Amino acid sequence: TVDSAITISFWCYGDENLMPFNSYVFEGRDSNGYRVVTCHLPWSNSNIYWDAGNSGTSSYDRINQSANLDDFAGKWNHWAFTKNVASGEMKAFLNGDLFMSGSGKNKKMSGITSFRIGGNAASGFNGVYDGKIDEFRIWDKALDQLTIKEWMNKTVDNSHPYFTNLR
């Protein structure tokens, strides 16, 4: 049901002996094999890349920023990635605080047919994530920072304000 808004949140603990390297923490592709949502956490240059949206080609919206080793390896960190097509905003939150953002990002995210956690969804490529992932959640709504921060250490139940948006 993801189309115009999304939040993907999770806890991760990257292997500090291996990172940074070209890793995929998650990826969703459409029936043509085009990237719809992807996160490199990190790539070999220590950049965090958040890609979301597709226009029916290999073109997608992206935001990225350089991170410190302790942002992605050697300890548990909470990450949340959001996109709202109506506002054009893409954001990433690290432990509840804004890490990066971008505007003018209006490509929709519809048509995901394959999705992988801890690797990429393309066949024939082994872009794995070396580490641990916990509490992986996908919402069909771009959650606000306050909600992300308030719920990152809680078990989601029907008292969550956007429980019906949890996919």
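Residues numbered from 1 in each chain as written. Predicted model: local features only at pLDDT ≥ 70, side-chain atom pairs only at ≥ 80, totals over all residues. Heavy atoms only, no water.

Caption draft 1: Expanded view of the overall build of the chain. The number of helices and strands found in the chain is two helices and ten strands. Helices and strands appear in the chain in the N-to-C order β-β-β-β-β-α-β-β-β-β-β-α. By the compact-globule yardstick of 15 Å for 167 residues, the chain fits well, its C-alpha radius of gyration being 15 Å. Across its three principal axes, the chain shows a C-alpha extent of roughly 40 × 40 × 25 Å. Across the 167 residues in the chain, those meeting the buried criterion constitute 47%. As presented, the chain carries roughly 7700 Å² of accessible surface, and 44% of it is formed by carbon and sulfur atoms. Separation of charge centres in the chain, based on 16 positive and 18 negative side chains, amounts to 5 Å. (Helix = DSSP H or I, 4+ residues; strand = E, 2+ residues; numbered from the N terminus. Rg over C-alpha atoms; globule rule 2.2 N^0.38 Å. Buried < 20%, exposed > 50% of the residue type's maximum accessible area, 1.4 Å probe, protein only. Areas by Shrake-Rupley, 256 points an atom, 1.4 Å probe, with all protein chains shown as cover. Lys, Arg positive; Asp, Glu negative; His and termini not counted. Charge placed at Lys NZ, Arg CZ, Asp CG, Glu CD.)

Caption draft 2: Main features of the sheet that holds strand β4 (residues 47–52). Strand order across the open sheet formed by five strands is β5-β4-β3-β2-β9, with antiparallel pairing between neighbours. The strands lining the two open edges of the sheet, one partner per strand, are β5 (61–66) and β9 (112–117). Across the sheet, the mean angle separating the axes of adjacent strands is 15° when strand polarity is ignored. Pairing between strand β2 (residues 26–30) and β9: five bridges, direction antiparallel. Bridge assignment links Gly28 to a residue of β9, and that residue is Phe115. (Pairing = 2+ DSSP bridges. Axes fitted to C-alpha atoms, helices over the stretch in contact; angles between N-to-C directions.)

Worth remembering: the numbers are spatial, not functional.
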